[in-house]
Amino acid sequence: FWLKSGKLAQAGMSVLAAAARRGRRVDVLQRASQHVARRHLGESVRGPAATDLAANLKIAQEFFTKPAISYAGYKQQCVSLRLFVFAGVTTGVVLDLMLNPPKSSYWMRFGPSFWFSHVKNFLMPSAPPIFLTEKVVRETDAPNIAEQLINTRRIVGQEEEEEH
């Protein structure tokens, strides 16, 4: 009866239409919330590219000679100076480690000055391997010694030491 009268069909259509409207409204609200959450901190790039060293050097030199008029100019001076400060500090640390290496055993074993010898030893090993490659044959007869110690508490053939 409800299907024939069309009331159920109309109710179903109005529910679908309301859901569609609500979905569009949620999209608008989500976009609005994302827009509000954006901080607008000025993360856009204004100066020369990081690979343009000549232009960055000129701006980095201006950090010491010409005061910045705006925040954007000051920020660009800092960004340009940062490239050269990073390169200088990294080079200084590497040179210091090369000229005055630490005296720790870790550095002596794994430091860069020993990398060549590690590669050479890996490709052409000269020392015996750490793990055994064949069965070791010893001159000592361990079962016989154990039997002597168990039975007589001494090893036959050795001079007796004085006991106190």
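Residues numbered from 1 in each chain as written. Predicted model: local features only at pLDDT ≥ 70, side-chain atom pairs only at ≥ 80, totals over all residues. Heavy atoms only, no water.

Moving on, we get to the overall build of the chain. Helix and strand counts for the chain stand at seven helices and zero strands. A total of 164 residues make up the chain; the buried ones form 6% of that total. Taking the intrachain contacts of the chain between residues at least 6 apart in sequence as the baseline, contacts between residues at least 24 apart amount to 27%. As displayed, the chain has an accessible area near 15700 Å², and 63% of this comes from carbon and sulfur atoms. (Helix = DSSP H or I, 4+ residues; strand = E, 2+ residues; numbered from the N terminus. Buried < 20%, exposed > 50% of the residue type's maximum accessible area, 1.4 Å probe, protein only. Contact = heavy atoms within 4.5 Å. Areas by Shrake-Rupley, 256 points an atom, 1.4 Å probe, with all protein chains shown as cover.)

Take the environment of S70 next. Position of S70 among the secondary structure elements: in the loop between α3 (53-65) and α4 (71-99). A polar atom in the side chain of S70 sits 3.2 Å from the backbone nitrogen of G73. (Polar contact = N/O pair within 3.5 Å; in protein donor to acceptor, adjacent residues only side chain to side chain.)

In this section: the side chain of N56. Mapped onto the elements of the fold, N56 is located in helix α3. The contacts of N56, once residues within four sequence positions are left out, are P48, A49, A50, Q76, S80, L83 and F84.

Turning our eyes to something else, we now look at the pattern of salt bridges. Enumeration over the complete set of coordinates arrives at one salt bridge. Between E62 and K58 there is a salt bridge, and its shortest N-O distance comes to 3.5 Å. Residue E62 and its partner K58 are both found in helix α3; the two are separated by four residues, about one turn of the helix. Exposure remark for K58: the relative accessible area of 53% places this residue in the exposed category. (Salt bridge = Lys/Arg side-chain N within 4 Å of Asp/Glu carboxyl O.)

As a further point, take the side chain of S80. Here S80 lies in helix α4. The contacts of S80, once residues within four sequence positions are left out, are N56, I59 and A60.

Under the counting rule described, the total for this entry stands at two aromatic pairs. Geometrically, the ring pair formed by F63 and F64 is edge-to-face, given 5.2 Å between the ring centres and 90° between the ring planes. The class for F63 is partly exposed, based on a relative accessible area of 30%. Since its relative accessible area comes to 62%, F64 is described here as exposed. Among the aromatic residues, those joined into a ring-pair cluster are F63, F64 and Y74. (Phe/Tyr/Trp six-rings, centres within 6.5 Å; stacked < 30°, edge-to-face > 60°.)

Our next topic: unusual backbone geometry. Even without a glycine there, the phi angle at R153 is positive, about 60°. Mapped onto the elements of the fold, R153 is located in the segment after α7 (142-152). Residue R153 is classed as exposed on the basis of its relative accessible area of 72%.

Geometric descriptors of this kind do not, in isolation, establish any biological role.
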